[in-house]
Number of protein chains: 2
Amino acid sequence: MKYPNNIQKNFKKEINYKNRGMNLEGLINEACKYYLEHDLAIIYKKPTPIGVVDVDYKKGAIIKKAYFKEPSTLDYNGIYKGKYVEFDAKECQSKTSFPLNNIYEHQLNHIKKIIRHGGIAFLIISMNQGYYLFKGEDLIIFLKTHTRKSIPYQVILEKGYPLKINYNIGIDYLKGIDEAYKGVDCNNEK
Amino acid sequence: MKYPNNIQKNFKKEINYKNRGMNLEGLINEACKYYLEHDLAIIYKKPTPIGVVDVDYKKGAIIKKAYFKEPSTLDYNGIYKGKYVEFDAKECQSKTSFPLNNIYEHQLNHIKKIIRHGGIAFLIISMNQGYYLFKGEDLIIFLKTHTRKSIPYQVILEKGYPLKINYNIGIDYLKGIDEAYKGVDCNNEK
């Protein structure tokens, strides 16, 4: 159908998840919600740590003054197939490499601790319109063997486990965990 | 030594943890900190969920308006001996029974889910100057077999695992977990 002024409208629009303007965190939150509803995993985003200074109790409890605190852990954690899971979402703007200043020292220490204690810790990296689960172990190995301040895209492709966007789920990261951690299900009942 | 006006001062004061005015949460936070420092467990209190409405960015980022949100999960979670651990602190004022309206419906559902997924979920109850780890499983069983709206102190004593206060640690709840969950260490490396 032709509109005036040569404007053509395409009525058959494809629903593209990315065009919805949902960023990485939004996609992960959708997935967490889906997994909860379908009893597949119990994973939540940790609330942003906030230091409350002043509360007005006149009408309920309205916080009048507070400040953002730096989190000690990664953003998401919970349980999947009997394992402790913790991860962070990292959006990478560069097309060529993932900057390591993206990851704070205490977050790296935290990842090491989680792994040492038998848990699963990783990053979900969005880069060049793709999504990758990057294992904490691979991050630690990379840092031990390199002095450079970023991870080349090539390494993300090699070591990372690609994650797909699913219309219902958002970003299906559990599939990535299954791939990346084959053989570590310690939950005898499931 | 006698002071004027018959006031006697006792210079040999015993340091009693309870007299420090530390409540249950304070004692648990001390323990979490100790366990982190000694690499025994990685357990943190979840930040209070807060909905931020207005932020003043003129001098850094000061939150000018926010409200408290209801948490979806229990207050503490993390990893111990390869297991996912989650628990809540409950102070009980009554000497005779632990009121069940203390526990919200969604918290109970959450406890059930965690257990179903192979994690450890419990309450730490302080009552009659004692501290008890009360397993999620025992809570669920009690609710299934009783219509009453509180758990009698006798049941807390029978089913609960007593926790000791330690001068260095605070409340040594890991010992309670060891007792309560004998034989569930799924961490092959440790």
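Structure's up top.
Here is a short report on the structure shown in this document. Note that the structure is predicted; figures quoted are calculated from it, not measured. (Residues numbered from 1 in each chain as written. Chains lettered and ligands numbered in written order. Predicted model: local features only at pLDDT ≥ 70, side-chain atom pairs only at ≥ 80, totals over all residues. Heavy atoms only, no water.)

## Considerations on the interface of chain A and chain B
Here is step 1 of the chain: Across the boundary between the two partners, chain A contributes 39 residues, which contact 39 residues of chain B.
Here is step 2 of the chain: Buried surface at the junction of chain A and chain B, summed over both partners, amounts to about 3,400 Å²; 63% is from carbon and sulfur atoms.
Here is step 3 of the chain: Across the chain A-chain B interface, the total number found is two salt bridges.
Here is step 4 of the chain: Linking Asp39 of chain A and Arg116 of chain B is a salt bridge whose minimum nitrogen-to-oxygen distance equals 3.0 Å. (Contact = heavy atoms within 4.5 Å. Buried area = accessible area lost by both parts, 1.4 Å probe. Salt bridge = Lys/Arg side-chain N within 4 Å of Asp/Glu carboxyl O.)

## Thoughts on the relation of the copies chain A and chain B
Here is step 1 of the chain: Superposition of chain A onto chain B requires a rotation of 180° combined with a translation of 0.0 Å along the rotation axis, giving an RMSD of 0.0 Å. Such a turn and shift between the copies fits a two-fold axis.
Here is step 2 of the chain: Counting the interface residues of chain A, we find that 100% of their copies in chain B are interface residues as well, pointing to one common contact surface. (Least-squares fit on C-alpha atoms with pLDDT ≥ 70 in both.)

## Quick word on the sheet that holds strand β4 (residues 76–80) of chain B
Residues and elements named next belong to chain B.
Here is step 1 of the chain: Strand order in this open sheet of six strands is β1-β4-β5-β7-β8-β10, and the pairing throughout is mixed. The open sheet terminates on both sides in strands that have one partner only, identified here as β1 (42–45) and β10 (161–162).
Here is step 2 of the chain: As judged from the four bridges shared by β1 and β4, these two strands associate in the antiparallel manner. Bridged to Tyr44 within β4 is Asn77. (Pairing = 2+ DSSP bridges. Helix = DSSP H or I, 4+ residues; strand = E, 2+ residues; numbered from the N terminus.)

## Quick notes on helix α1 (residues 24–37) of chain A
Residues and elements named next belong to chain A.
Here is step 1 of the chain: Look at α1: 20 Å from first C-alpha to last across 14 residues, which is about the 20 Å you get at 1.5 Å a residue.
Here is step 2 of the chain: Within the sequence span of α1, burial applies to Leu24, Gly26, Leu27, Ile28, Ala31, Cys32, Tyr35 and Leu36.
Here is step 3 of the chain: Once α1 ends, the next one or two residues include Asp39, with phi positive near 55°. (Expected span 1.5 Å × (residues − 1). Buried < 20%, exposed > 50% of the residue type's maximum accessible area, 1.4 Å probe, protein only.)

## Describing the sheet that holds strand β3 (residues 62–68) of chain B
Here is step 1 of the chain: Strand order across the open sheet formed by four strands is β2(A)-β3(A)-β3(B)-β2(B), with antiparallel pairing between neighbours. Strands with a single pairing partner mark the edges of an open sheet, and in this sheet they are β2 (50–56) of chain A together with β2 (50–56) of chain B. Ignoring which end each strand starts from, the neighbouring axes of this sheet average 35° apart.
Here is step 2 of the chain: Sheet analysis places strand β3 (residues 62–68) of chain A next to β3 of chain B, joined by four bridges and oriented antiparallel. Following the sheet pairing, Tyr67 of chain A is matched in β3 of chain B by Ile62 of chain B. (Axes fitted to C-alpha atoms, helices over the stretch in contact; angles between N-to-C directions.)

## A short note on the pattern of salt bridges
Here is step 1 of the chain: What the rule picks out here adds up to 14 salt bridges over all chains.
Here is step 2 of the chain: Note that Asp88 of chain B is salt-bridged to Lys90 of chain B, the shortest N-O span being 3.2 Å.

## Quick look at the pairing of β2 of chain B
All names here are of chain B.
Here is step 1 of the chain: Bridge analysis of β2 against β3 gives six bridges, and the strand direction is antiparallel. Across the sheet, residue Gly51 finds its bridge partner in β3, namely Tyr67.
Here is step 2 of the chain: The antiparallel pairing of β2 with β3 creates a hairpin that spans five residues between the two strands, and Gly60 there sits at a positive phi of about 80°.

## Points about the environment of Lys175 of chain A
All names here are of chain A.
Here is step 1 of the chain: Following the sequence through the fold, Lys175 ends up in helix α5 (residues 173–180).
Here is step 2 of the chain: The class for Lys175 is exposed, based on a relative accessible area of 56%.
Here is step 3 of the chain: Considering only alpha carbons, one finds Lys175 and Lys83, 92 residues apart in sequence, at a separation of 15 Å.

## Quick look at the packing of aromatic side chains
Here is step 1 of the chain: By the definition in use, this model includes 13 aromatic pairs over all chains.
Here is step 2 of the chain: An angle of 80° between the planes, with centres 6.2 Å apart, marks the rings of Tyr34 of chain A and Tyr35 of chain A as edge-to-face.
Here is step 3 of the chain: The exposure class of Tyr35 of chain A is buried, given its relative accessible area of 2%.
Here is step 4 of the chain: Between the aromatic rings of Phe122 of chain B and Tyr181 of chain B, the centroid separation amounts to 6.5 Å while the plane-to-plane angle is 45°, which identifies the pairing as tilted. On the criterion of sequence distance, the pair formed by Phe122 of chain B in strand β7 (residues 120–127) and Tyr181 of chain B in the segment after α5 (173–180) is long-range, its members being 59 residues apart. The burial state of Phe122 of chain B is the same as that of Tyr181 of chain B; both residues are buried.
Here is step 5 of the chain: Linked through ring pairs, Tyr34, Tyr35, Tyr76, Phe87, Phe122, Tyr173 and Tyr181 of chain A together constitute an aromatic cluster.
Here is step 6 of the chain: One cation-aromatic arrangement involves Lys45 of chain A over Tyr76 of chain A; the distance from NZ or CZ to the ring centre is 5.9 Å. (Phe/Tyr/Trp six-rings, centres within 6.5 Å; stacked < 30°, edge-to-face > 60°. Lys NZ or Arg CZ within 6 Å of the ring centre and 35° of its normal.)

Functional significance is not addressed by these values, which are geometric in nature.
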